[in-house]
Amino acid sequence: MADPDLSSPLIHHQSSDQPEVVISIDDDESGLNLPAVDDPRVSRGFEFDHRNPYGFLSESEPPVLGPTTVDPFRNNTPGVCGLYEAIKIVICLPIALIRLVLFAASLAVGYLATKLALAGWKDKENPMPLWRCRIMWITRICTRCILFSFGYQWIRRKGKPARREIAPIVVSNHVSYIEPIFYFYELSPTIVASESHDSLPFVGTIIRAMQVIYVNRFSQASRKNAVHEIKRKASCDRFPRLLLFPEGTTTNGKVLISFQLGAFIPGYPIQPVVVRYPHVHFDQSWGNISLLMLMFRMFTQFHNFMEVEYLPVIYPSEKQKQNAVRLSQKTSHAIATSLNVVQTSHSYADLMLLNRATELKLENPSNYMVEMARVESLFHVSSLEATRFLDTFVSMIPDSSGRVRLHDFLRGLKLKPCPLSKRIFEFIDVEKVGSITFKQFLFASGHVLTQPLFKQTCELAFSHCDADGDGYITIQELGDALKNTIPNLNKDEIQGMYHLLDDDQDQRISQNDLLSCLRRNPLLIAIFAPDLAPT
């Protein structure tokens, strides 16, 4: 082959008997000269794909992800196991009574000192006056006594806390209720806490003295205000340093779950701190164990081990100051490396799903965690929406392994066996094993829900069903609209679907009813599809 010169085109036009594809743009469809739709290289646009029941929305399919095998919230010793533990508890019972008296006395004295420090203080927007802070030292000493009563006679420390002017924000992993007590004694910081903590006996009073920043994790306005307060207090050296647990909940310490961004948005230097609880017989993490049981187990140990390591301060670069995600990733990597654990995409929303599955008395509730940080990133599905999807999935009666088969899936969505309903199930069943998990159901639902044409298609579905244009869909109109996609529907089956779509249960389906139902059950949009090709 001759060497090409610089003046030669890299791709030569080859004369061929094969026809060229010419696309011309015109105002109507007659101006398009396209290859056949069966050509896999060609996007089918809004045409109904008989292989993908949602091809009218998008040709893409939900991502294929493996099952979630890690439970970051499981306490490994929720009960008393083994003869050694039983004997130790019996021996330590007299000690536990003494510790309980010490705990109660320390809590009472600390509470009274805190009430005194807060008495008459109205200006909560400015730092606490120095004389009030000195009174709070009594409470700080009491918290050390509380730690002693829980069996933390000594606490191993590594490294030192940076000065407040160097690192105004401290972030830590969160394993138990012990860390906030320790940090109050050690650093006396301002913390960010849920609004619900304000009503807790004793605790609410003490955290108010810490000039707490309250946040409602389900309110965008509240989260935005919390970030503003973090930035305001971090920028003023007269306030205490800020302490945040970016995981947003306690874990068992075996992994590091996803970080919330509140600590990183201001872009200030951050000191990561790592807390470990070395143990053999008693896991001190606050997971699937009640608070009273955890306290009892702590009282009946000879000693509970705790290690605190202050890591080097992380100084954000200019890019990281503008990108909170990068700063959080750098910080979480430092903490995970020090702990020698992996990072997962679990979040507080997974704990909500776990608790909901427990409430519903499902077998193996951990099967219903989905690594919600990943879900929120991909599909913008909130924790409350995910919980509603779980309720829908549970109505399909999953088996002990958390899987649902075709007939149960169809019953849950009021569908009858037909080619379309089977394709919907196969769309979810990415593993092609004849059953689906909640994670697959959620990913498929989120995938459909976030397609750009989803809302428009829902509106077209209503217009198509509302044959007489009176603003409501009757049972007769619904039956007529569905006869092309789900043939041979009987009266009871149409009534069941009508009841499902009637969101406010007022015996008539408005556009808002249909939109609301399809947002909760986005997979049902496929039953309206063949007649809804937007143009």
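Residues numbered from 1 in each chain as written. Predicted model: local features only at pLDDT ≥ 70, side-chain atom pairs only at ≥ 80, totals over all residues. Heavy atoms only, no water.

Brief notes about the overall build of the protein
So, step 1. A tally of regular secondary structure across the protein gives 18 helices and 11 strands.
So, step 2. Burial statistics for the protein: of 535 residues in total, 49% are counted as buried.
So, step 3. Per element, the accessible surface of the protein, about 27,600 Å² overall, is 57% carbon and sulfur. (Helix = DSSP H or I, 4+ residues; strand = E, 2+ residues; numbered from the N terminus. Buried < 20%, exposed > 50% of the residue type's maximum accessible area, 1.4 Å probe, protein only. Areas by Shrake-Rupley, 256 points an atom, 1.4 Å probe, with all protein chains shown as cover.)

Here we look at the pattern of salt bridges
So, step 1. This structure, assessed with the given rule, holds 21 salt bridges.
So, step 2. Between E85 and K88 there is a salt bridge, with its nearest N and O atoms 2.6 Å apart. Here K88 and E85 lie together in helix α1 (residues 83-118), a separation of 3 residues that amounts to about one turn. (Salt bridge = Lys/Arg side-chain N within 4 Å of Asp/Glu carboxyl O.)

Concerning the pairing of strand β2 (residues 169-172)
So, step 1. Covered by surrounding structure in β2 are I169 and V171 together with V170 and S172, the residues of both alternating faces.
So, step 2. Here β2 pairs with strand β5 (residues 242-244) via 3 bridges, running parallel. By the bridge assignment for β5, V171 is matched with L244.
So, step 3. One ladder, built from 4 bridges, connects β2 with strand β7 (residues 270-276); its direction is parallel. (Pairing = 2+ DSSP bridges.)

Examining the confidence of the model for the protein
Low-pLDDT stretches of the model should not have their predicted coordinates read in fine detail.
So, step 1. Averaged over every residue, the pLDDT of the protein is 86; residues scoring 70 or more account for 90%.
So, step 2. Residue range residues 1-49 is modelled with pLDDT below 50. Its contacts to residues more than four positions away, or to other chains, number 36 contacts. (pLDDT = per-residue confidence, 0-100. Contact = heavy atoms within 4.5 Å.)

Some remarks on the packing of helix α2 (residues 130-149) against helix α3 (residues 178-186)
So, step 1. At a minimum axis distance of 8 Å, the contact between α2 and α3 shows a crossing angle of 140°. In terms of orientation, α2 and α3 fall into the oblique class. Here α2 runs over α3; the crossing is left-handed. Contacts between α2 and α3 involve M136, T139, R140, T143, R144, I146 and L147 from the first element and I178, I181, F182, F184, Y185 and E186 from the second.
So, step 2. Counted by class, the contact of α2 with α3 contains 8 nonpolar, 2 polar and 3 charged residues. (Axes fitted to C-alpha atoms, helices over the stretch in contact; angles between N-to-C directions. Parallel < 35°, antiparallel > 145°, perpendicular 65-115°, else oblique. Left-handed = near helix turned anticlockwise from the far one by under 90°. Nonpolar A, V, L, I, M, F, W, Y, C, P; charged D, E, K, R; others polar.)

Quick look at unusual backbone geometry
So, step 1. Its identity as a non-glycine residue notwithstanding, Q211 has a phi of 55°, on the positive side.
So, step 2. Checked against the element boundaries, Q211 lands in the loop between α4 (203-209) and β4 (213-215).
So, step 3. Of note, the phi angle at Q507 is positive, near 70°, even though the residue is not glycine.
So, step 4. Counting through the fold element by element, Q507 comes out in the loop between α17 (491-501) and α18 (511-520).

Focus on the environment of V101
So, step 1. Counting through the fold element by element, V101 comes out in helix α1.
So, step 2. In this structure V101 comes out as exposed when scored by relative accessible area, which is 56%.
So, step 3. Taking the C-alpha atoms as reference points, V101 and S149, 48 residues apart in sequence, are found 8.6 Å from one another.

Focus on the side chain of S338
So, step 1. Residue placement: S338 occurs in helix α8 (residues 324-339).
So, step 2. A polar side-chain atom of S338 sits 3.1 Å from a polar atom in the side chain of E309.
So, step 3. Those residues in contact with S338, other than ones at most four positions away along the chain, are V274, R276, E309 and L311. (Polar contact = N/O pair within 3.5 Å; in protein donor to acceptor, adjacent residues only side chain to side chain.)

Here's the deal with the nonpolar core
So, step 1. Core analysis: the biggest nonpolar cluster contains 65 residues, and F409, F438, F441, I525 and F528 have the highest contact counts within it.
So, step 2. Excluding residues within four positions of it along the chain, F438 makes contact with L353, Y368, V370, A386, F389, L390, F393 and G402. (Core = buried A, V, L, I, M, F, W, Y, C linked by side-chain atoms within 4.5 Å.)

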